[in-house]
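# Report on the structure
Below are the chains, spelled out letter by letter.
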Amino acid sequence: MNPSLSLAGGPPSALNRIQRLSLFLGFAGLFILLLATFGIGFPKPGLWLALALFLILGGVLGYSLGAYSGHPAGIRNNGVWFKSLSARGIWAWGLGILLTGFYVVLYFYPQYLGLVQDGPNRGLIALFDPLSRALSGNPASQWFVYGALYTLAILAFGAKFIWKYRHNRYQLLRTLSVMFFQLAFAFLIPEIMARLNGDLPYYDLKNIWPLNYYNFERYRVNAFIGEGNLGLAMLLFGVASTLVITPVLTYFYGKRWYCSWVCGCGGLAETAGDPFRHLSDKSTFAWRVERWVIYSVLVFVVLMTTAVVYSYLGPDHSRYWLSRGELLVGVGVLLTLVFAWVMLFRRKELQKDARYGAIAYFTIILALIGFHYLSDTQHVFLFRSETLRKTYSLLIGSIFSGVIGTGFYPIFGSRVWCRFGCPMAAILGLQQRLLSRFRITTNGGQCISCGNCSAYCEMGIDVRAYAQKGRNIVRASCVGCGICSAVCPRGVLRLENGPLQNRINHRDMLLGAEVDLMDFVGEEK
Amino acid sequence: MHVLIIGNGISGVTAARHIRKNSDCRITLISAETDAFFSRTALMYIYMGHLTFQQTQPYPESFWSRNRMDRIRGYVTAIHPETRSVALADGREIGYDKLILATGSKPNKFGWPGQDLDGVQGLYSYQDLERLEAFAPNATACRRAVVVGGGLIGIELAEMLRSRDIPVTFLVRESSFWNGVLPAGESEMINTHIREHHIDLRLGTNLKEILPDANGRVRAVVTEQGETIPCNLVGLTAGVSPNIDFLRGSGINLGKGVLVNRYLETNLPDIYAVGDCAQQREPIGRRRPVEAVWYTGRMMGETVARTVCGQRTAYTPGHWFNSAKFLDIEYQTYGWVFPEHTREAHEAHFHWRHPKKHICLTLAYDRGSGTLLGVNTFGMRMRHAVLDQWLTEQRTAEYALTHLREALFDPEGYSDYRKHIQTAFRQQTLTAS
């Protein structure tokens, strides 16, 4: 694909002086981290770490200054399709391979980052020891290094994003929110809690099951229960997050309250991933794949979690408050209730294939539970629960969400994981589609079909297809980032919470001529 | 039945879509411009690098075969109503049972010396975009561009060129930007904004001639004030007119455009005209006889589809609405708001402007009854359905301002200026009475 039509040389792509200086600073910071990774020891690691992090932060901020200052506030997507980095050019592939490599090392070979079992850390991880000790009192791990860099990315690129969209108050508030939740909830609070109460499991309170698929594993549940009231409260909060808090908030605000205001994955996608949002695939084929994959992951995580919890619960109440039989019955009843409600009240809204999917999956789950009652082995369902857990952790937790989800930002766009893989997004999406006040309202007949909304939708929704028909957008995958509304040159789209009635409307009247014409069209259908 | 549509812009394609909805007849679209339908209003975003050409196409490639719409790439040189056929430049003859003319516009050229030089162009077609890419790819190849004509396309072209750091001189005949349409306060605000974007805005300046270099390329323009401005590109954006030259001698009645009645029928049976190229014999309300607007093209396409399918339907557009974006300032209009020199005596205005930001609102209302006539907003989004309803129900301006909240369509979290606007309105009405 040649995005430029140019015959006599391309559009300007050169960086200005401030941007070049900033890039130098940022890369200098990264270079310090790289040196540490390759085993160069620094005399005062704390000082060098601070220097590296501030250089990176300064580099990003300076780059933003060079890019956006000197222009009036407004949508500035100039040259997005001309730049190698944002148009799948050689730089994009280079960055993609680099990020992917980083994730592979992080998940599978942390020893190369300097992780030492039963001894002092070396390399990059040792460089982060001073910061880790200052927060939690413990030496750093590869996860601490990752968390710190992740937080830095959200803060630095969050600032860049705010600068870019400084005319848009919704974007400002939303970005401040993801920056806050990452810094406080994902990074600082768990570390500080580890210092205050070392026996509590590391708990990012906004990381909710099933995104946090390991939340109810045995070691965590035991630790929660063993820590008295505080631990118990945290365990109950974890259950309530999934069963009560999430559905209530999603009913009022749509899944955006989580996916683009709170969640860490969403936070990175919205900030560091913003330059790549237009790369998401908008084809109907991608949409079909999306629905199959994401709901399969959801079924997988439900089965896996049930199996894992089942495996450590006893046959009676002597070990835990819940017995294994009760667990299975509970899961079955809950799913059946949800299923029955959907079939009774939302049948007409579901497209045919979604209905078939629902029927198939619920049948499988119920059949597997039934199978267990009929069998007499140590296995849960058809598999050993530990095998299930390990498979999920490897395939979904590491490879999908990390290596592919983030590593391929410059190629597939910033929301691959959120769109195709995240089981939390799947649950929230089903609810957003079926029971929520949220929708994107289309403004009568003002759409000019330009395609900016579709192009800049990170979730690959063909927003224009709805807008040019004057229809509201009610889609399970919409994370409510609000960029479609921001880039629309004619003020056609608005994210809104409103009554369920007429949420999915057909306001053909304003598209065509007078009302009587549209009555005719109405009859046609 | 074979319906032949000349032109695959918004009017022609909308007609085709609705004919397919309502009937099973054979549909053929002819275009000399492109194979696929694209959003003409999005051409600017391709040059600016916001969108690829493919992304400006509202329907995927599979759409055409799925809906059984044949597409022919070719230039129609003449139509022969007596044999019910059209002739293409490549010699082909194509028959039809019903013919819809949706040929759009072409940029105006007013006989300026040098107007056909290389590097002198309008901005309307895909080919214009290709020319622009050839003559103004960057600031090295194009050291300055001059844009002639202060309308919607002129300001878009200026914005496009600025996105590639090309210095732009913007010649506007009027004393203030687009003040043939916008009231003074609004026009004034856009002048300021144009200059903020480092566009060299020359108000009250006319083009006299365009000078060539040795190779027949543009070298400079000369204004009527006698100033010579060296440049490598001249954008002629002084409006558009119907693209109908190939119809001369066909027997179809022509004015400025193809003359049609309320049913979009020409004087010849089974030949219709829609969109930019159509001219109403009797203007509708205060609308112009030729409406070269995306939205009206869409409405006409939908209307003619009914007629073609046997349900003869008059073109009765509802309340006027339109929108545009002037660099960073969005503009919406509903109903009629006229500038000072074309305003009738009974039309009173209330104008509010934010003290610092580029946000303003103008309400036109009847001086006697207070009935709302129209609304212009800049930097503030309005809800189409609500304003349409108010205009239909003939609500007063006061009602509109009291219920302004229902009409606001800005994203969540935006500042709400209702109180300021309402206070300003009360003060104005107090002073007036």
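Our subject is the structure that appears above.
Residues numbered from 1 in each chain as written. Chains lettered and ligands numbered in written order. Predicted model: local features only at pLDDT ≥ 70, side-chain atom pairs only at ≥ 80, totals over all residues. Heavy atoms only, no water.

The residue after Trp-209 of chain A, namely Pro-210 of chain A, is reached through a cis peptide bond having omega 15°. If you trace the backbone, Pro-210 of chain A turns up in the loop between helix H6 (169–196) and helix H7 (218–226). For Gln-394 of chain B, which is not glycine, the phi dihedral falls at a positive 50°. Tracing the sequence through the fold places Gln-394 of chain B in the loop between helix H8 (384–392) and helix H9 (397–402). (Helix = DSSP H or I, 4+ residues; strand = E, 2+ residues; numbered from the N terminus.)

Overall, the coordinates contain 50 aromatic pairs over all chains when judged by the stated rule. Geometrically, the ring pair formed by Phe-180 of chain A and Phe-185 of chain A is edge-to-face, given 6.0 Å between the ring centres and 65° between the ring planes. Judged by centre distance (5.6 Å) and plane angle (85°), the ring pair of Phe-177 of chain B and Phe-326 of chain B falls under edge-to-face. Of this pair, Phe-177 of chain B sits in the loop between strand S11 (168–172) and helix H6 (184–196) while Phe-326 of chain B sits in strand S21 (residues 321–326), placing them 149 residues apart in sequence. The burial state of Phe-177 of chain B is the same as that of Phe-326 of chain B; both residues are buried. Each residue in the set Phe-102, Tyr-103, Tyr-107, Phe-108, Trp-143, Tyr-146 and Tyr-150 of chain A is aromatic and connected to the rest through ring pairs, giving one cluster. A cation sits over an aromatic face here: Arg-475 of chain A above Trp-287 of chain A, 3.6 Å from the ring centre. The ring of Tyr-263 of chain B carries Arg-312 of chain B above its face, with NZ or CZ at 3.8 Å from the centroid. (Phe/Tyr/Trp six-rings, centres within 6.5 Å; stacked < 30°, edge-to-face > 60°. Buried < 20%, exposed > 50% of the residue type's maximum accessible area, 1.4 Å probe, protein only. Lys NZ or Arg CZ within 6 Å of the ring centre and 35° of its normal.)

What follows covers the sheet that holds strand S14 (residues 218–223) of chain B. All names here are of chain B. Pairing within the open sheet is antiparallel, and its three strands lie in the order S13-S14-S15. Across the chains shown, the open sheet's two edge strands, defined by having one partner strand only, are strand S13 (207–212) and strand S15 (228–230). Along the sheet, successive strands turn relative to each other by an average axial angle of 25°, direction set aside. Direction of pairing for S13 relative to S14: antiparallel, over a ladder of five bridges. Residue pairing across strands places Ile-210 opposite Val-221, the latter belonging to S14. (Pairing = 2+ DSSP bridges. Axes fitted to C-alpha atoms, helices over the stretch in contact; angles between N-to-C directions.)

This brings us to the environment of Gln-117 of chain A. Looking at the secondary structure, you find Gln-117 of chain A in the loop between helix H3 (90–108) and helix H4 (123–135). Once the C-alpha coordinates of Gln-117 of chain A and Tyr-150 of chain A are considered, the two residues, 33 residues apart in sequence, prove to be 24 Å apart.

All names here are of chain B. An order of S4-S5-S6 is seen for the three strands of this open sheet, with the pairing classed as antiparallel. At either margin of the open sheet sits one strand with a lone partner, and together these are strand S4 (76–80) and strand S6 (93–95). Taking each pair of neighbouring strands and ignoring which way they run, the sheet shows an average axis angle of 25°. Looking at chain direction, strand S5 (residues 85–88) and S6 are connected through three bridges and run antiparallel. When the bridges of S6 are listed, Ala-87 appears paired with Glu-93.

At the junction of the two partners, chain B supplies 65 residues and chain A supplies 69 residues. Between chain B and chain A, roughly 5,400 Å² of surface is buried when both sides are summed, and carbon and sulfur atoms account for 49% of that area. In terms of surface lost to chain A, no three residues of chain B exceed His-50, Phe-409 and Glu-412 of chain B, which account for 13% of the buried area on that side. Applying the counting rule to chain B against chain A returns three salt bridges. Residue Asp-328 of chain B pairs with Arg-76 of chain A through a salt bridge whose shortest N-O separation is 2.8 Å. For the pair chain B and chain A, the number of links is 30 residue pairs in polar contact (both at pLDDT 80 or more). Secondary-structure elements contributing two or more residues to the side of chain B that touches chain A are helix H1 (10–22), helix H2 (43–47), helix H4 (126–135), helix H5 (152–163), helix H7 (294–308), S21, strand S22 (329–335) and H8 of chain B. Of the residues forming the side of chain B that touches chain A, the biggest block, seven residues, is contributed by H7 of chain B. Residue composition of the side of chain B that touches chain A, grouped by class: 24 nonpolar, 24 polar and 17 charged. (Contact = heavy atoms within 4.5 Å. Buried area = accessible area lost by both parts, 1.4 Å probe. Salt bridge = Lys/Arg side-chain N within 4 Å of Asp/Glu carboxyl O. Polar contact = N/O pair within 3.5 Å; in protein donor to acceptor, adjacent residues only side chain to side chain. Nonpolar A, V, L, I, M, F, W, Y, C, P; charged D, E, K, R; others polar.)

Residue and element names in this part refer to chain B. The buried fraction of strand S23 (residues 347–353) amounts to five of the seven residues, a majority that puts the element mostly inside the structure. As paired elements, S23 and strand S24 (residues 360–366) share seven bridges and run antiparallel to each other. Along S24, the bridge assignment pairs Phe-350 with Leu-363. Once S23 ends, the chain turns through six residues before running back antiparallel as S24.

All names here are of chain A. Between helix H11 (residues 284–312) and helix H14 (residues 385–404), the shortest axis-to-axis distance is 9 Å and the interhelical angle comes to 140°. Regarding the angle of H11 to H14, the classification is oblique. Helix-helix and strand crossings are classified by hand; for H11 and H14 the assignment is left-handed. Listed contacts from H14 to Val-293, Val-297, Phe-300, Val-301, Leu-303, Met-304, Ala-307, Val-308 and Ser-311 of H11 are Ser-385, Leu-388, Arg-389, Thr-391, Tyr-392, Ile-396 and Phe-400. (Parallel < 35°, antiparallel > 145°, perpendicular 65-115°, else oblique. Left-handed = near helix turned anticlockwise from the far one by under 90°.)

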